[in-house]
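Letter by letter, the chains look like this.
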Amino acid sequence: MERSPYGKERRVKRVRISSTYTALSSLAVEDLGSEPPHLRQCKATVNFSEVLTTTVAQSLGVAKRKKLLKSLEEVVRDEQAKSTKVVGTEMVVWTNGPASAYSLTLCEECKGGDSAEQMLLCDQCDRGFHMFCLSPILVSIPPGDWICPHCSKSTIAHEFLMVQKKIVDYFRIQNLLPSKSVTEAIERKKRKKQSAFSFCPPKRGRRLLPYVPTIDPQRRLKQMASLATALTSIGVQFSDSLSYRYAPRTANRAAHEKGGMREMPRDDKEAFDKCKAMCKSGLWQPLTVAYDMRQGFVVEADEDIKDMTFIAEYTGEVDYMCCRHYDSGNSIMGLLFSDDPIKELVICPDKRSNIARFLSGINNHTEEGRKKQNVRCVRYSINGEARVILIAMRDILKGERLYYDYNAYYTEYPTQHFV
Ligand SMILES: C[S@@+](CC[C@H](N)C(=O)[O-])C[C@H]1O[C@@H](n2cnc3c(N)ncnc32)[C@H](O)[C@@H]1O
């Protein structure tokens, strides 16, 4: 479902210049021997003028192209001192394997020099880090300069103060119900619909259930503060609905979906509207956002949650997929897939969003990873507009981390290094 719109060229863009060079030069590697691979001698022939016209070089911009050229010249000087032969603008490099001459940078975390195309170079100290060895993992090359964890002074934002007024203002909560009436309302509901709270086998009706907020107002405040902390620390504003600053609302027509999009059933729509209204009045989902060293921000259940319960709508700025093709955002979600590529839309939660953007993804390359999934991602037409909803796909116990499949419809999101 979630699409990572980067191309291979873009992936090497911010990788160390010599790796960029390696990636380019490997196009021209000619294997010369029948020895075991590590002993083989290879010949790499690179034509500089060709290098600078490749898509990679073209995507770099003038300053970076100059840097690449400078770096290539440095490589030539270094290699001239070794066994490299340079003829005009062509260079012949003798190496012990196609990439070995330029895989000199080792990852500071795993000390390995493999996967050069995934090795990021710190723009401050020049040290190398595999994107998948970072904590949290990076799945795409970050835009602009990248500063490694050793040089970066940034820490997780200070916890959002758990002052009710601050939280009410932050989330622009309307008609906050006094704690007592909230407790009474939830208790009343609890008595009426006892089954919604018991953990007996889920009903197979497959109807969407509204979430059940935590009764204790202090805990609800904590849940909200944890989301506010996470959002403020990544510089994202809270928004529980889709925003249309890039693509107009009129572009979001579920009818454009290839093969059509299912209209949300009436009962489900009632549950959906109810959840949206609860959220507006501060009756939050029983979820907290925590920080995990490997995964970054993650979402955990703060109550038992029943199968088929509404978790959240995936919100953010709606944009045309073609405009985000080279966006390195790792949270972009597909919204509309059409026969006409111009009409395809994505949700970008990098400026405004809600808790949905913090849910983890499963590693769908392993059986163990797939077993973790407890939430699914569904797209519905609601009043003719495409929307993306996250729904519990089994009973979830308090304390469990929430996971869904980032590749529900597409297999482009690189989850092979996910924990
Ligand atoms: C949609 S965001 C999820 C929120 C993210 N953890 C954060 O801190 O903003 C996707 C990113 O989260 C991290 N992530 C999600 N699931 C993961 C997993 N199972 N293992 C490791 N990292 C994961 C990866 O860095 C991924 O690119």
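Owing to the predicted nature of the structure, the values given are computational and were not obtained by experimental measurement.

What counts, and at which threshold
Residues numbered from 1 in each chain as written. Predicted model: local features only at pLDDT ≥ 70, side-chain atom pairs only at ≥ 80, totals over all residues. Heavy atoms only, no water. Helix = DSSP H or I, 4+ residues; strand = E, 2+ residues; numbered from the N terminus. Buried < 20%, exposed > 50% of the residue type's maximum accessible area, 1.4 Å probe, protein only. Contact = heavy atoms within 4.5 Å. Areas by Shrake-Rupley, 256 points an atom, 1.4 Å probe, with all protein chains shown as cover. Phe/Tyr/Trp six-rings, centres within 6.5 Å; stacked < 30°, edge-to-face > 60°. Lys NZ or Arg CZ within 6 Å of the ring centre and 35° of its normal. Pairing = 2+ DSSP bridges. Axes fitted to C-alpha atoms, helices over the stretch in contact; angles between N-to-C directions. Salt bridge = Lys/Arg side-chain N within 4 Å of Asp/Glu carboxyl O. Near = heavy atom within 4 Å. Polar contact = N/O pair within 3.5 Å; in protein donor to acceptor, adjacent residues only side chain to side chain. Nonpolar A, V, L, I, M, F, W, Y, C, P; charged D, E, K, R; others polar. Core = buried A, V, L, I, M, F, W, Y, C linked by side-chain atoms within 4.5 Å. Expected span 1.5 Å × (residues − 1). 1 Å grid on protein atoms, 1.4 Å probe; cavity = no way out; pocket = protein on both sides within 12 Å on 5 of 7 lines; lining within 4 Å. Points joined across faces, edges and corners; volume = space filled by probe spheres on them.

When helices and strands are counted, the protein shows 10 helices and 18 strands. Within the protein, the proportion of its 419 residues that are buried is 50%. Taking contacts inside the protein between residues at least 6 apart in sequence as the whole, the part at least 24 apart equals 72%. Summing over all exposed atoms, the protein offers an accessible surface of approximately 20500 Å²; the carbon and sulfur share of this is 53%.

Here the distance between the centres and the angle between the planes together describe a pair of aromatic rings. Summed over the entire model, instances satisfying the criterion amount to 13 aromatic pairs. Both rings, one in Tyr211 and one in Phe310, keep their centres 6.5 Å apart while their planes meet at 25°; by these two values the pair is stacked. Linking Tyr211 in the loop between helix 7 (179-192) and helix 8 (217-233) with Phe310 in strand 10 (residues 310-313), this pair joins segments that are 99 residues apart in sequence. For Tyr211, a relative accessible area of 1% corresponds to the buried category. Every member of this aromatic cluster is reached through a ring pair, and the members are Tyr170, Phe171, Phe238 and Trp284. Over the face of the ring belonging to Phe358 we find Arg357, whose NZ or CZ atom lies 5.1 Å from the ring centre.

Let's shift gears to the sheet that holds strand 10. Reading across from one edge, 10-17-16 is the order of the three strands in this open sheet, with antiparallel pairing throughout. A strand with exactly one partner marks an edge of an open sheet, and here the two such strands are strand 10 and strand 16 (375-382). Averaged over all adjacent pairs, the angle separating strand axes in this sheet is 30°, with direction ignored. Pairing between strand 10 and strand 17 (residues 385-392): three bridges, direction antiparallel. Directly across from Phe310, in strand 17, lies its bridge partner Ile391. Contacts from helix 9 (residues 266-280) reach strand 10, strand 16 and strand 17 within the one sheet, and its direction differs from that of strand 10 by about 70°.

One pass over the full model with this rule turns up 18 salt bridges. The shortest N-O distance in the salt bridge between Arg401 and Glu300 comes to 3.4 Å. Taken together, the residues Arg401 in the loop between strand 17 and strand 18 (403-404) and Glu300 in strand 9 (residues 296-301) connect sequence positions 101 residues apart. Residue classification places Arg401 among the partly exposed residues on the basis of a relative accessible area of 21%.

Spatial strand order, 11-13-12: three strands in an open sheet with antiparallel pairing. Two strands lie at the open edges of the sheet, namely strand 11 (317-320) and strand 12 (333-336), each paired on one side alone. Each neighbouring strand pair of the sheet contributes to a mean axis angle of 40°, computed without reference to strand direction.

Right, let's get into the site of the ligand. The full set close to the ligand counts 19 residues, and Ile137, Gln295, Phe297, Gly361 and Tyr413 are the nearest of them. Separating an oxygen atom of the ligand from a backbone N or O atom of Phe297 is a distance of 2.8 Å. Contact with the protein chains covers 94% of the free accessible surface of the ligand, which is 560 Å². Taken together, the elements giving at least two residues each to the shell around the ligand come down to strand 9 and strand 15 (360-361). Each residue belonging to the shell around the ligand can be placed in one class, and the counts come to 10 nonpolar, six polar and three charged.

Among the nonpolar cores identified, the biggest contains 70 residues, and Phe171, Leu227, Ile311, Leu402 and Tyr404 are the most heavily contacted of them. For this core, the element with the highest residue contribution is helix 8, accounting for seven residues. One finds Phe129, Ile141, Cys148 and Cys151 within the second-largest nonpolar core, a separate group that totals nine residues.

Quick look at helix 8 now. With 17 residues, helix 8 extends 24 Å between its outermost C-alpha atoms, agreeing within 8% with the 24 Å of an ideal straight helix rising 1.5 Å per residue. Along helix 8, the positions that sit buried rather than exposed are Arg220, Leu221, Gln223, Met224, Ala225, Ser226, Leu227, Ala228, Thr229, Ala230 and Leu231. Sitting at the head of helix 8, Asp216 places a side-chain oxygen 3.0 Å from the backbone nitrogen of Gln218.

By secondary structure assignment, the location of Leu287 is in strand 8 (residues 287-292). Along the primary structure Leu287 and Glu400 are separated by 113 residues, whereas in three dimensions their C-alpha atoms are 10.0 Å apart. Those residues in contact with Leu287 that lie beyond four places of it in its chain are Gln223, Val299, Glu300, Ala301, Asp302, Ile305, Ile311, Ile355 and Leu402.

In the structure shown here, the tally under the stated rule is two cavities of 30 Å³ or more. Reported here for the second largest cavity is a volume of approximately 40 Å³. Along the walls of the second largest cavity sit Tyr211, Asp240, Cys275, Lys276, Cys279, Gln285, Phe310, Ala312, Glu313 and Asn354, which together make up its complete lining. Those elements that provide at least two residues to the lining of the second largest cavity are helix 9 and strand 10. In the lining of the second largest cavity, the residues fall into five nonpolar, two polar and three charged.

In this model, Ser135 is joined to Pro136 through a cis peptide bond whose omega is -5°. Among the secondary structure elements, Pro136 is positioned in the loop between strand 6 (128-130) and helix 6 (164-170). Phi at Asn383 takes a positive value of approximately 50°, unusual for a residue other than glycine. Position of Asn383 relative to the elements: it lies in the loop between strand 16 and strand 17.

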